[in-house]
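# Structural overview
Now for the letters of each chain:
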Amino acid sequence: MSAVIEFEDVSKRFMLQRDRPVTIRERLAGLFRPGKAADEFWALRNVSFSVARGESFGLIGHNGAGKSTALKLMTRILEPTSGRVRLRGRVAALLELGSGFHPELSGRDNVFLYGSLMGLNQREMAARLEEIVAFADMADFLDLQVKYYSSGMYTRLAFAVATAVDPDILITDEVLAVGDEAFQRKCMDRILTFRHMGKTIIFVSHALDTVRTLCDRAVWLDHGAVRALGATGEVIDAYLAEVNRREREALMQQEVLTADPNRRFGTRDVEITGVELCDASGVARVVAYTGAPLTIRIRYHAHRTILRPVFGLAIHHESGILLAGPNTLFAGLDIPAVQGEGTVEMRIAALPLLAGRYLLSAAVYDDTMLHAYDHHDRLYRLTVHTEGGSERFGAFALGGVWSWHAAEG
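Quick caveat, the model's predicted, so the values are computed rather than measured. (Residues numbered from 1 in each chain as written. Predicted model: local features only at pLDDT ≥ 70, side-chain atom pairs only at ≥ 80, totals over all residues. Heavy atoms only, no water.)

## Quick look at the packing of helix α3 (residues 107-117) against helix α5 (residues 151-164)
Two elements in contact, α3 and α5, have axes whose closest approach is 10 Å; the angle formed by their N-to-C orientations is 30°. Overall, the two elements α3 and α5 adopt an arrangement that is roughly parallel. Considering how the two elements wind past one another, α3 and α5 form a crossing that is right-handed. Facing α3, whose interface residues are Gly107, Val111 and Tyr114, α5 presents Leu157, Val161 and Ala162. (Axes fitted to C-alpha atoms, helices over the stretch in contact; angles between N-to-C directions. Helix = DSSP H or I, 4+ residues; strand = E, 2+ residues; numbered from the N terminus. Parallel < 35°, antiparallel > 145°, perpendicular 65-115°, else oblique. Left-handed = near helix turned anticlockwise from the far one by under 90°. Contact = heavy atoms within 4.5 Å.)

In structure tokens form, the structure reads like this:
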């Protein structure tokens, strides 16, 4: 398969002027004194990859990794500082919201202007106009100036036009995130149709599950350099492993959320002095893993003898949904009395939570569960990583077993 996009040792440098004059006085003063040298910023350094005709190719990486710069080089908006970019075929690009349309022209005029830039005459675009308007659902606003469009209206029309001109290469850069759920589904359906037609697709998104589903290969850019290139699943897994590593390092610095007096209450006759997440060997960790053993350890200090206390936990998803709320009373663990220091542990044989961020509460009450000795409401982070596994969506791994039987005859 011939390559339609080639990057050969491509680098792109920008010059950053730190002290820019703001007032007229500052500008005039700058004429009579030597200017300060601008700082160099390399958005890309020695990047090489190629995209074959008919391939779906993803670019992933953190914000500022160089993804958008690479797309602008593909579309000739920018030229490389060094290296070579080769492009073969008609390209339709959806980059930053606001690029490509003239704000003073109506939506209709912009449709024909875009078509002319793509090499299509007025008759060819007129034949496509009805399809474009229907897909974008913009019949009532087609003759309104684009500068009055909402971001969603702009996105709908831009995507409809870009995909109606029959491009050989379709390039998207997170622009679909602006649309509503129904429109995003329409866009994905059309992108998949393009893929089945053998079109080349360049896809940039932080929605890694979508990249994994849509793209054949991917490149991971990190501070302008290629960190991994190859099969999409392998590249995404490598990227997530690095994200998880950095997150673990950050969590080591701050395991407990900022104290909020409204999130802790009780008489403090028994105080919770700490909450730890421990692995199978009993070592405290900052990250838990789907399917792995986990022990949640509550450390306490009872300032006097407390009869039959009840210790409990609660796990909330970061969106606020309560997922679980176990306690020692319902579990049948009888604690006759506590005094001084001690620990209470809940052991989970295989953590069912999927990758995500959760909030953990810990509490100790009397045996009626009406009187709080110490209640820490969502004061602890619970970060879960998933390595491999057969389930990826949602909050829980159900652990179900699939089977299939073809009908006979």
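From this point, things continue past the structure.
## Some remarks on helix α2 (residues 67-74)
Summarising burial for α2: six of the eight residues are buried, a large majority. One or two steps after α2, the chain reaches Arg76, where phi turns positive at roughly 70°. (Buried < 20%, exposed > 50% of the residue type's maximum accessible area, 1.4 Å probe, protein only.)

## Remarks on the environment of Ile202
Along the polypeptide, Ile202 turns up in strand β7 (residues 200-204). Spatially, the C-alpha atom of Ile202 lies 9.9 Å from that of Met74, the residues being 128 residues apart in sequence. Beyond its immediate chain neighbours, meaning those up to four positions away, Ile202 contacts Ile5, Val51, Phe57, Leu59, Leu71, Met74, Ile169, Leu170, Ile171 and Thr172.

## Some words on the layout of surface pockets
A water-sized probe rolled over the atoms picks out the places where empty space is left. Counted as a void, the largest pocket has a volume near 910 Å³. Together, 33 residues line the largest pocket, and Leu208, Leu240, Asn244, Ala355 and Gly356 are the ones closest to its centre. Top element by residues in the lining of the largest pocket is helix α8 (residues 232-253). It accounts for nine residues. Split by residue class, the lining of the largest pocket holds 12 nonpolar, 11 polar and 10 charged. (1 Å grid on protein atoms, 1.4 Å probe; cavity = no way out; pocket = protein on both sides within 12 Å on 5 of 7 lines; lining within 4 Å. Points joined across faces, edges and corners; volume = space filled by probe spheres on them. Nonpolar A, V, L, I, M, F, W, Y, C, P; charged D, E, K, R; others polar.)

## With respect to the side chain of Lys12
As for its placement among the helices and strands, Lys12 is situated in strand β1 (residues 3-16). The side chain of Lys12 sits in the buried core without any salt bridge; Glu79 is the nearest counter-charge, 7.9 Å away. At 2.8 Å, the side chain of Lys12 and the backbone oxygen of Glu79 are in polar contact. Beyond its immediate sequence surroundings of up to four residues, Lys12 is in contact with Phe41, Trp42, Ala43, Leu44, Thr69, Leu73, Leu78, Glu79, Pro80 and Thr81. (Lys, Arg positive; Asp, Glu negative; His and termini not counted. Salt bridge = Lys/Arg side-chain N within 4 Å of Asp/Glu carboxyl O. Polar contact = N/O pair within 3.5 Å; in protein donor to acceptor, adjacent residues only side chain to side chain.)

## Here's the deal with the nonpolar core
Across soluble globular proteins, you tend to see nonpolar side chains buried next to one another. Among the nonpolar cores identified, the biggest contains 45 residues, and Ile60, Phe101, Tyr114, Ile132 and Leu157 are the most heavily contacted of them. The next biggest cluster of nonpolar side chains, apart from the first, holds 30 residues, and it includes Phe311, Leu313, Ile315 and Tyr373. (Core = buried A, V, L, I, M, F, W, Y, C linked by side-chain atoms within 4.5 Å.)

## Regarding helix α6 (residues 181-196)
Under the 1.5 Å per step criterion, the end-to-end length of α6 is 23 Å for 16 residues, consistent within 8% with the ideal 22 Å. Looking at the buried side of α6, the elements it contacts are α4 (122-136), α5, β6 (169-173), β7 and α7 (208-214). With its phi angle positive at about 85°, Gly198 sits one or two positions after the end of α6. (Expected span 1.5 Å × (residues − 1).)

## Regarding the sheet that holds strand β8 (residues 217-222)
Reading across from one edge, β5-β6-β7-β3-β8-β9 is the order of the six strands in this open sheet, with mixed pairing throughout. In this open sheet, the two strands that pair with only one neighbour each are β5 (91-94) and β9 (225-231). Averaged over all adjacent pairs, the angle separating strand axes in this sheet is 15°, with direction ignored. Sheet topology note: the strand β3 (residues 56-60)/β7 ladder contains four bridges and is parallel. Looking at the pairing, Leu59 lines up with Val204 of β7. (Pairing = 2+ DSSP bridges.)

## Remarks on the environment of Ile306
Position of Ile306 among the secondary structure elements: in strand β14 (residues 294-307). Setting aside residues no more than four positions away along its own chain, Ile306 makes contact with Asp269, Val270, Pro336, Ala337, Val338 and Tyr373.

## Things to note about the pairing of strand β18 (residues 356-365)
Most of β18 sits inside the fold, with eight of its 10 residues counted as buried. When strand β15 (residues 310-317) meets β18, the two strands line up antiparallel, connected through eight bridges. Of the residues in β18, the one forming a bridge with His317 is Tyr358. The turn joining β18 and strand β19 (residues 372-385), which pair antiparallel and follow one another in sequence, is formed by six residues; a positive phi near 60° is taken by Met369.

## Structural notes on the sheet that holds β1
Here three strands make up an open sheet; going across it, the order is β2-β1-β4 and the pairing antiparallel. Single-partner strands in this sheet number two, and they are β2 (39-52) and β4 (82-87). Going from strand to strand, the sheet's axes swing by 25° on average, the running direction of each strand aside. Where β1 lies against β4, five bridges are found, and the strand directions are antiparallel. For Glu8, the partnering residue across the bridge sits in β4 and is Arg84. Against the sheet, α2 makes contact with β1, β2 and β4, and its axis sits at roughly 120° relative to β1, the strand it touches most.

## Here we look at the packing of aromatic side chains
Applying the stated rule across the entire model yields six aromatic pairs. Taking the centre distance of 5.2 Å and the plane angle of 20° together, the rings of Phe49 and Phe57 count as stacked. Note on accessibility: Phe49 and Phe57 belong to one class, buried. On the basis of an interplanar angle of 40° and a centroid distance of 5.3 Å, the ring pair of Tyr300 and Phe311 is categorised as tilted. A residue pair is termed long-range when its members are at least 10 positions apart, and Tyr300 in strand β14 and Phe311 in strand β15 qualify at 11 residues. Each member of the pair, Tyr300 as well as Phe311, carries the same accessibility label: buried. Counting every residue linked through ring pairs, the aromatic cluster contains Phe7, Phe49 and Phe57. The ring of Phe14 has Lys12 lying over it, and the distance from NZ or CZ to the ring centre is 5.4 Å. When the ring centre of Phe135 is taken as origin, the NZ or CZ atom of Arg190, which lies over that ring, is 4.0 Å away. (Phe/Tyr/Trp six-rings, centres within 6.5 Å; stacked < 30°, edge-to-face > 60°. Lys NZ or Arg CZ within 6 Å of the ring centre and 35° of its normal.)

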